[in-house]
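# Survey of secondary and tertiary structure
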Amino acid sequence: MASHESTFRPGSRFGKWLDERLPIPRLMHGQFVDFPTPRNLNYWWTFGGILSFMLAAQIVTGIILVMHYTPHATLAFSSIEHIMRDVNYGWLIRYLHANGASMFFIAVYIHIFRGMYYGSYKEPREVLWILGVIIYLLMMATGFMGYVLPWGQMSFWGATVITNLFSAVPYVGDSIVTLLWGGYAVGNPTLNRFFSLHYLLPFVIAGVVVLHVWALHVVGQNNPDGVEPKTEKDTVPFTPHATMKDFFGVSCFLLFYAWFIFYMPNYLGEADNYIPANPAVTPAHIVPEWYYLPFYAILRSIPNKLAGVVAMFGAIVVLVFLPWLDTSRTRSSKYRPLAKQFFWIFVVVCILLGYLGAQPPEGIYVVAARILTVFYFAYFLVLLPILGLIEKPRAVPNSIADAVLAKSAKKTAASIMTALVIAGGLLVGGAQDVRAADHGASPPANKWSFAGPVGMYDRAALQRGLKVYKEVCASCHGLSLVAFRNLADPGGPGYSTAQAAAFAAEYKVKDGPNDAGDMFERPGRPADYF
């Protein structure tokens, strides 16, 4: 499909004046309103729109977080807690951003697997596919640098382990590591470098996304049947057909996204990252975020450090050459029985590699990771080239319209059968006495409180625990990130504002200097911290 020229012409005098000098409305109309779209696209194609939405959401929430974040090794962790506890809706913005990264990668993995299954990398879409791989690499770099910014235990040691991988590069490896660290160990310069790049790269990703969409609109979209549009019957306008489908897909994905934010916001994170970074204490098991685990498993499965690094990066770079490694002339796996089976085996291999990446590098886990690593590379370097030569694909429809009509006929028959079954059930049920029994008044609604999983926490026990902390535990363990006013927050020990103020007044807080230039002690206030 060649690039589409819009037939839009503005009606107002200002619109005509602007169109002659800067035809933005005509460009937008041609690319996002009447752009011809294959009429057989399914909901797997909505993940492109979902990814665009998630990129915008990550940039917006990231800009807001930067307004309150402090990129310093001694203040970064505290600034995150400040965002969570003191900034209005800071907890929401932070959870939107942190879980948004996982949602972004869930959507991009589905997008990549969809492209592989339906052959969206084949001629004439090679450049489109390569741009997508570049976006994926930039996402991985951005996500890793963002993971370091909270400066918790897993952030610090994850940065230490991953940056050390570059030391395996012959001759220049140590120099690269020193440059990344800004010194001879992970520290404040490292954090500043990663913060700067983490802020910059999303805008680079947005620029490559523009190129990606541009390339898509030059060659046209692929479709489930892998048949290029030949006539107007094969296509529909992008708006409203694809637009409404994308809107529905984004809405459903937002429900999934919101489920994590409001019900399990820390499920995809690591508990160790709620411990401030400590160079003297190494976590028992260092793991990256879940979306890096398959490649982390490949890295650890190879005993040689340099070979492991090459294999890890090679597992991503091999995607660039996929258009030439797949020798089949049939684009979609929908018509390739053998390719379809091996594709789903490949998906299972990737999931298992992700599981193994989260396990300790010992025993059967290492052996299994080596076997799966061999299959991962064999799929690209052996299976795809051979399958294209020996496989006999099924007949491909002559046009998209023929495929849609054939599918519609099957759907119509299935709909008729379903309607007959439902009608028969209603007829049988209607012959019976369906009068409702008189059960009296409606049952009362269940009472529920978010102060506890089954009602209210035992506030007296919480308050006793706080008193024990004050008299015993506080001598060694601090609550420096908790303010006295938090005692009156919903879901806490149940103190009133006055009780929290009275509790704070029992503490002596060093303040000053006074008019004489001396430091002095005063009673605590609700705004003070423990």
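In case you missed it, the structure is sitting above this.
This report concerns the structure included in the present document. (Residues numbered from 1 in each chain as written. Predicted model: local features only at pLDDT ≥ 70, side-chain atom pairs only at ≥ 80, totals over all residues. Heavy atoms only, no water.)

## Remarks on helix α12 (residues 305-317)
What counts is decided by this rule: Only DSSP runs of H or I reaching four residues or more are called helices, and only runs of E reaching two or more are called strands; each is numbered from the N terminus. One less than the number of residues in a helix, times 1.5 Å, gives the span that helix is expected to have. Here's how the labels work: a residue is buried when its accessible area is under 20% of the maximum for its type, exposed when over 50%, partly exposed in between, all with a 1.4 Å probe on protein chains only. The reported arc concerns the directions from the helix axis to the C-beta atoms and nothing else. The definition of a polar contact used here is a pair of N or O atoms within 3.5 Å, where within protein one atom must be able to donate a hydrogen and the other to accept one, and adjacent residues in sequence count solely through side-chain atom pairs.
Under the 1.5 Å per step criterion, the end-to-end length of α12 is 18 Å for 13 residues, consistent within 8% with the ideal 18 Å. Taken together, the buried positions of α12 are occupied by Gly308, Val309, Ala311, Met312, Ala315 and Ile316. End-on view of α12: buried residues confined to an arc of 160°, all on one side of the axis. Capping the start of α12 is the job of one residue whose side-chain oxygen sits 3.1 Å from the backbone nitrogen of leucine 306: asparagine 304.

## Some words on the packing of aromatic side chains
Heads up, the rule is: Pairing of aromatic rings covers Phe, Tyr and Trp, the last counted by its six-membered ring, and requires centre-to-centre distances within 6.5 Å; plane angles under 30 degrees mean stacked, over 60 mean edge-to-face, and any other angle means tilted. As a reminder, the over-ring test applies to NZ of lysine and CZ of arginine, requiring each to be within 6 Å of the ring centre and within 35 degrees of the ring normal.
Under the criterion given, the structure shown has 42 aromatic pairs. With a centroid separation of 6.3 Å and an interplanar angle of 85°, the aromatic rings of phenylalanine 47 and phenylalanine 253 are classed as edge-to-face. In this pair, phenylalanine 47 sits in helix α3 (residues 47-66) while phenylalanine 253 sits in helix α10 (residues 238-263), placing the two residues 206 residues apart along the sequence. A residue is classified by how much of its surface remains accessible, and phenylalanine 47, at 11% relative accessible area, is buried. Take phenylalanine 253: its relative accessible area is 9%, and that puts it in the buried class. Aromatic ring contacts, followed pair by pair, group Trp45, Phe113, Tyr117, Tyr118, Phe343, Trp344, Phe346, Tyr376, Phe377, Tyr379 and Phe380 into a single cluster. Seen from the ring of tyrosine 43, lysine 245 lies directly overhead, with NZ or CZ sitting 5.2 Å from the centre.

## A look at the nonpolar core
Burial of nonpolar side chains together is a common tendency in soluble globular proteins. Using the following cut-off: Only buried residues count toward a nonpolar core, which is a set of Ala, Val, Leu, Ile, Met, Phe, Trp, Tyr and Cys residues joined through side-chain atoms within 4.5 Å. Between two residues, a contact is recorded if the distance between any of their heavy atoms is within 4.5 Å.
Counting residues in each nonpolar core, the largest one holds 95 residues, and the members touching the most others are Phe105, Met116, Tyr136, Phe295, Tyr376 and Phe380. Of the residues forming this core, the biggest block, 13 residues, is contributed by helix α6 (residues 126-148). The residues touching methionine 116, leaving out its near neighbours within four places in the chain, are Tyr121, Trp129, Leu322, Ser333, Phe343, Phe346, Tyr379 and Phe380.

## Focus on the packing of α6 against helix α9 (residues 188-219)
For any two helices packed against each other, one specifies the inter-axial angle together with the distance between the axes. Here is the rule we go by: Interaxial angle, 0 to 180 degrees, is taken between N-to-C directions of lines fitted to C-alpha atoms, where a helix line uses only the stretch in contact. Any angle that is under 35 degrees is reported as roughly parallel, and any over 145 degrees as roughly antiparallel; angles of 65 to 115 degrees are reported as roughly perpendicular and all others as oblique. Note: crossing handedness is left-handed where the near helix turns anticlockwise from the far helix by less than a right angle, and right-handed where it turns clockwise. Residues are grouped as follows: Ala, Val, Leu, Ile, Met, Phe, Trp, Tyr, Cys and Pro are nonpolar; Asp, Glu, Lys and Arg are charged; all remaining types, including Gly, are polar.
For the pair α6 and α9, the least separation of the axes is 8 Å and the interaxial angle reads 160°. As far as their axial angle goes, α9 and α6 are roughly antiparallel. Considering how the two elements wind past one another, α6 and α9 form a crossing that is left-handed. The class makeup of the residues in the contact of α6 with α9 is 22 nonpolar, five polar and no charged.

## Remarks on the side chain of serine 120
As for its placement among the helices and strands, serine 120 is situated in the loop between α5 (90-117) and α6. For serine 120, a relative accessible area of 10% corresponds to the buried category. Here arginine 114 takes part through its side chain, which lies 3.4 Å from a polar atom of the side chain of serine 120. There is a polar contact of 3.0 Å between the side chain of serine 120 and the side chain of asparagine 222.

## Examining the packing of helix α4 (residues 76-85) against α5
Orientation of α4 relative to α5, taken along the N-to-C sense of each, is 115°, at an axis distance of 5 Å. Taking contact as the criterion, the partners of Ile80, Ile83 and Met84 in α4 are, on α5, Gly90, Trp91, Arg94 and Tyr95. By residue class, the composition of the contact of α4 with α5 is five nonpolar, one polar and one charged.

## Some remarks on the environment of valine 349
For valine 349, the location among the structural elements is in helix α14 (residues 337-357). Owing to a relative accessible area of 6%, valine 349 belongs among the buried residues under this scheme. Taking the C-alpha atoms as reference points, valine 349 and leucine 372, separated by 23 residues in sequence, lie 6.2 Å from one another. Not counting residues up to four positions away in its chain, the partners in contact with valine 349 are Leu372 and Phe375.

## Quick word on the environment of leucine 405
Within the secondary structure layout, leucine 405 lies in helix α16 (residues 400-430). Judged by relative accessible area, leucine 405 falls into the exposed class, the value being 59%. A sequence separation of 365 residues divides leucine 405 from asparagine 40, and the C-alpha atoms of the two residues are 10.0 Å apart.

## Overview of the pattern of salt bridges
Oppositely charged side chains can pair when the atoms bearing their charge come close. Cut-off, in case you're wondering: Put simply, a salt bridge is a Lys or Arg side-chain nitrogen that is within 4 Å of an Asp or Glu carboxyl oxygen.
Going through the model one piece at a time under the given rule, you end up with twelve salt bridges. For the salt bridge of aspartate 326 with lysine 122, the shortest nitrogen-to-oxygen distance reads 3.4 Å. Here aspartate 326 is found in the loop between α13 (322-325) and α14, whereas its partner lysine 122 is found in the loop between α5 and α6, with 204 residues between them in sequence. Like aspartate 326, the residue lysine 122 is buried in the burial classification. The closest approach of N and O atoms between arginine 331 and glutamate 228, which form a salt bridge, is 2.8 Å. Of this pair, arginine 331 sits in the loop between α13 and α14 while glutamate 228 sits in the loop between α9 and β2 (235-237); the two residues are 103 residues apart in sequence, bridging distant segments of the chain. In this structure arginine 331 comes out as buried when scored by relative accessible area, which is 13%. It is possible to trace a salt-bridge network through shared partners that takes in Lys122, Asp326, Arg336 and Glu391.

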